[in-house]
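The chain contents come next:
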Amino acid sequence: MRRTLAVFGHQLLTNSLYVQNSINLLTSNLNPRSKNDGFRLLRAFMFTSTHQQRRVLDNNNLNPSRSNNGGFTSTHQQRRVLDPDDPSNLMKEDGVAVCSQMWIENFREPGKTVTNLASYLRRFELWVLAYQKVCADETGAYMPRSAVQRSALEDLLALRNSVLDGRFKWGARLEFFIKSPKDKIEYESLSKRKIRAILTTTQPSPFQDRIVQEVLFMILEPIYEARFSQKSFAFRPGRSAHTVLRVIRRSFAGYLWYIKGDLSTVLDGMKVGMIISALMRDVRDKMVIDLVKAALVTPVITSRVDEGEKKKKTKRKYQKKRVLAEDEPKPDPYWLESFFGFAPEEAEKVPSWGHCGILSPLLANICLDELDRWTEGKIKEFYRPSKSDVIWNNPEGEVEQGNTSWPEFVPTSGPDKTRKIDYIRFGGHILIGVRGPRADAATLRKQLIEFCDQKYMLKLDNESLPIEHITKGIMFLDHVLCRRVVYPTLRYTATGGKIISEKGVGTLLSVTASLKQCIKQFRKLSYLKGDRDPDPQPCFRMFHATQAHTNAQMNKFLSTMVEWYRYADNRKKIVNFCSYIIRGSLAKLYAAKYKLRSRAKVYKIGARNLSRPLKEKKGQSPEYHNLLRMGLAESIDGLQYTRMSLVPETDYTPFPTNWRPDHEKALVEYIQLDDPKTLEEYRSCLREQGLISPQDYVSMLVWNYKRNAIQIDQFSTAKLGKDLLGSNEVEGDQRNGDEEENGERFNAAQM
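These remarks concern the structure in this document. Just so it is clear, the structure is predicted and the values come from calculations on it, not from any experiment. Throughout this document, residue positions are counted from 1 along each chain, in the order its sequence is written. Local features in this predicted model are restricted to residues whose pLDDT is 70 or higher, and side-chain atom pairs enter the listing and the counts only when it is 80 or higher, whereas totals over whole chains, interfaces and linings include all residues. Side-chain calculation: all heavy atoms of the structure are included, whereas hydrogens and water are not.

## A look at helix H23 (residues 599-606)
How we decide: Accessible area is worked out with a 1.4 Å probe on protein chains only. A residue is then buried under 20% of its type maximum, exposed over 50%, and partly exposed in between. Numbered from the N terminus, helices here are DSSP runs of H or I no shorter than four residues, and strands are runs of E no shorter than two. Directions pointing from the helix axis toward each C-beta atom define the arc. Residue contacts are counted whenever heavy atoms from the two residues lie within 4.5 Å of one another.
Of the residues making up H23, those classed as buried are Val602, Ile605 and Gly606. Around the axis of H23, the buried residues are gathered within 80° of arc, so they sit on the same side. Of the exposed residues in H23, the ones pointing more than 90 degrees away from its buried face are Ala600 and Lys604. Among the structural elements, helix H22 (571-593) are those in contact with the buried residues of H23.

See below:
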């Protein structure tokens with residue numbers, strides 16, 4: 001029994017120095033032969049254990065960092081220290097907030113050379129945001145940050161560390177740091193034949209490569225968007241082909257000669273040294289430069305199937321309709337594929353360099369930005385104002401042009417008119433307008449050929465850069481730029497107040513959609529045949545779809561066409577032609593499907609807009625309206641824009657001179673408001689004009705209310721007592737003045 005008590009006491013009291021001294025003191029007075037000594041020892045144990053518990057409680061109250069046994073534990077401290085390898089500890093901010101801060105910093109100092117981008121590469125929030133974006137492209141659904149699994153975060157952290165350590169390699173085929181959520185292949189158990197096929201055939205871009213591309217894109221895009229020229233519009237946020245057409249309508253009125261150039265061979269590929277040198281003008285970070293260079297240098301494995309290995313054509317057997325998985329993205333609908341087929345020549349080619357992926361368009365704009373800057377210098381060099389010209393006679397050339405009622409009106413050119421050029425670039429296609437003699441356009445073309453040869457090693461000639469007159473019509477983005485000569489009556493006030501009316505001569509720039517190009521695109525999509533007399537062809541791809549679904553698809557297609565030709569002068573005509581082709585194609589499809597033999601019978605049964613249901617040789621069902629009212633039949637939407645009066649008018653909304661996208665406006669305004677100098681200027685301007693800002697006015701009201709609250713209560717009580725007593729005594733002028741002042745304070749407090 002004594003041995004058991006000794007073991008228990010040792011385990012209980014070994015951690016306290018005070019208790020150990022008490023044990024020594026008590027045991028030294030014990031007699032092992034006495035029967036009462038065992039009870040004395042047990043009392044000693046009880047005393048020391050309760051004393052120790054009190055000390056532990058007191059120490060925990062005074063110092064919460066102590067553990068339950070009264071001493072400091074190293075393991076507990078290690079748990080409280082943040083683990084640098086824990087992904088959850090690295091996500092301190094939101095990824096969108098980090099991106100916003102990068103945009104603000106770069107737009108605040110657009111000319112600053114960037115040297116430290118590795119700090120942004122270390123931000124794990126950007127990697128998580130990139131993972132969410134790539135997963136949305138892969139699965140078709142956006143994944144919130146809370147839904148990202150722990151294992152995916154750990155793999156993402158391993159990918160980030162490999163990029164920082166230089167272990168990451170572009171174009172991996174078998175070894176990945178992170179895999180797509182859809183990728184269920186176990187590469188360790190693959191056979192040699194499958195491994196050989198993976199290593200030697202064309203494969204889609206790896207999932208981890210797209211994440212790294214997205215991170216680099218989020219870092220580099222705000223740097224160069226703050227530096228890019230306002231003359232380029234392709235592959236940039238907030239800018240589109242519609243923006244180009246509006247700029248042309250606003251700024252290119254009055255130009256006689258046009259130089260149209262195709263530099264799209266630059267988008268096919270450039271030398272790595274030229275790309276890196278263009279990138280290093282503004283970015284001097286070695287890690288980012290090495291990553292981009294490795295993506296450009298690493299070869300892309302592509303396989304070509306030999307003619308002898310091509311399989312023989314076999315008869316097409318019946319294929320069961322494939323059901324999409326839950327996480328599998330749906331393919332593009334038919335109407336969207338048809339609209340993509342209408343892409344103009346200038347927007348068809350998208351650069352793809354090496355393993356850069358989405359970085360390729362940004363790198364192409366970085367390289368072609370030198371051409372934009374060179375052309376902007378030529379615009380200032382060729383500008384020669386004339387005092388006899390009613391517009392463009394300012395040395396800076398920034399005066400608004402034309403008449404207020406005719407935004408595109410420009411007086412005709414001549415020897416005594418202002419000479420000027422303008423420039424615009426959409427991807428690899430450029431358009432230069434020249435107001436002046438043709439010799440100026442020829443000189444500019446010669447200089448442009450020399451610049452492209454020297455800078456991009458691109459061999460151009462006069463045929464690739466033709467000079468065309470405005471009367472022949474200039475095709476750009478499937479729209480024709482032409483001129484209409486007008487003779488308006490100009491009225492102005494002469495000296496003495498006399499009003500003089502003169503007949504003027506001017507030009508209007510017309511931006512019309514090309515009907516010939518529209519027919520060409522329809523023919524390419526097999527919607528019609530013929531050129532002069534286009535004949536609609538049935539779209540048999542929708543043969544097995546219902547009438548309601550087919551009409552809905554074509555209505556979406558027509559809606560996108562109406563939006564595409566929004567700024568064309570002949571919008572009604574071109575959209576009505578598209579509606580005619582689509583309606584004829586559907587009528588032929590329904591005639592073949594329901595065996596009605598001709599389009600006339602289809603229109604007779606289904607109406608002009610094909611909104612009535614078509615049945616085989618029976619026509620409209622008499623019970624259709626009753627079934628439709630009860631919700632038992634599917635409603636059929638008729639085709640839109642079957643008449644020209646239903647097509648909306650052309651959008652002639654004025655385009656601002658110094659236009660910028662909405663996100664750039666918000667950034668510039670935020671930077672201005674964040675600047676203390678701007679705030680001080682606003683305050684000084686308010687003081688000079690004797691005005692008060694809303695913030696100062698509210699603060700003044702609050703301060704007056706707090707200062708006069710007690711006086712207002714006393715004043716209201718005294719006034720109530722006088723009313724009850726019926727006192728009609730009139731005080732002196734001084735008391736009346738005090739009451740008026742108190743009344744004003746009371747009204748201010750109420751307000």
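Now, onward.
## Topic: the environment of valine 562
By secondary structure assignment, the location of valine 562 is in helix H21 (residues 547-564). For the pair formed by valine 562 and tyrosine 641, sequence separation is 79 residues and the distance between their alpha carbons is 9.3 Å. Here valine 562 is in contact with Arg571, Val575, Tyr641 and Pro648, once residues within four sequence places are set aside.

## Quick look at the pattern of salt bridges
Rules: By definition, a salt bridge exists where a carboxyl oxygen of Asp or Glu is found within 4 Å of a side-chain nitrogen of Lys or Arg.
All chains considered together, the criterion is met by 33 salt bridges. In this structure, the salt-bridge partner of arginine 249 is aspartate 569, at a minimum N-O distance of 3.2 Å. In this pair, arginine 249 is assigned in helix H12 (residues 241-251) and aspartate 569 in the loop between H21 and H22, connecting sequence segments 320 residues apart. When its relative accessible area of 9% is taken as the criterion, arginine 249 is described as buried.

## A closer look at a positive patch on the surface
Put simply, the test is: Patches draw on residues past 30% relative accessible area with no salt bridge. Two like charges within 9 Å are joined, as are two nonpolar side chains (Val, Leu, Ile, Met, Phe, Trp, Tyr) within 5 Å. Each accessible area is a Shrake-Rupley estimate made with a 1.4 Å probe; only the visible protein chains count as cover when residues are assessed. A residue counts as positive if it is Lys or Arg and as negative if it is Asp or Glu; His and the chain ends are not included. A single reference atom marks each charge: NZ on Lys, CZ on Arg, CG on Asp, CD on Glu.
On the surface, Lys192, Arg193, Lys194 and Arg196 cluster together to form a positively charged patch. With respect to the helices and strands, the residue arginine 193 is situated in helix H10 (residues 192-200).

## Structural notes on the packing of helix H8 (residues 124-139) against helix H11 (residues 207-225)
Just so we agree on the cut-off: Helix axes are fitted only over the stretch in contact, all axes being lines through C-alpha atoms; the angle between N-to-C directions runs from 0 to 180 degrees. Each angle receives one of four descriptions, namely roughly parallel if under 35 degrees, roughly antiparallel if over 145, roughly perpendicular if within 65 to 115, and oblique otherwise. Less than a right angle of anticlockwise turn of the near helix away from the far helix marks a crossing as left-handed, whereas a clockwise turn marks it as right-handed.
Interhelical geometry of H8 versus H11 gives an angle of 125° and a closest axis separation of 9 Å. By the angle between their directions, the pair H8 and H11 is classed as oblique. You can see that H8 and H11 cross each other, and the crossing is right-handed. Two secondary-structure elements touch here, H8 through Leu126, Trp127, Leu129, Ala130, Tyr131, Lys133, Val134, Cys135 and Glu138 and H11 through Phe207, Arg210, Ile211, Val212, Glu214, Val215, Met218 and Ile219.

## Details of the pairing of strand E7 (residues 479-486)
As a reminder of what qualifies: Pairing between two strands is assigned when DSSP locates at least 2 bridges connecting them.
Pairing of strand E6 (residues 474-476) with E7 involves three bridges; the strand directions are antiparallel. If you follow isoleucine 474 over to E7, its bridge partner there is leucine 481. By the bridge criterion, eight bridges tie E7 to strand E10 (residues 506-513) in an arrangement that is antiparallel. Paired with arginine 483 across the strands is leucine 509, a residue of E10.

## Structural notes on H12
The buried fraction of H12 amounts to 11 of the 11 residues, a majority that puts the element mostly inside the structure. Here H12 has its buried residues at Ala241, His242, Thr243, Val244, Leu245, Arg246, Val247, Ile248, Arg249, Arg250 and Ser251. Those residues of H12 that are buried lie in contact with strand E3 (420-426), strand E4 (429-435), E6, E7, E10 and H21.

## Description of the sheet that holds strand E5 (residues 467-469)
As summarised here, the arrangement of the four strands in space is E3-E4-E1-E5, forming an open sheet in which the pairing is antiparallel. Here the strands that pair on one side only, and so sit at the sheet edges, are E3 and E5. Pairs of neighbouring strands in the sheet enclose a mean axial angle of 20°, with direction left out of account. As paired strands, E3 and E4 are joined by seven bridges and run antiparallel to one another. Bridge assignment links isoleucine 421 to a residue of E4, and that residue is valine 434.

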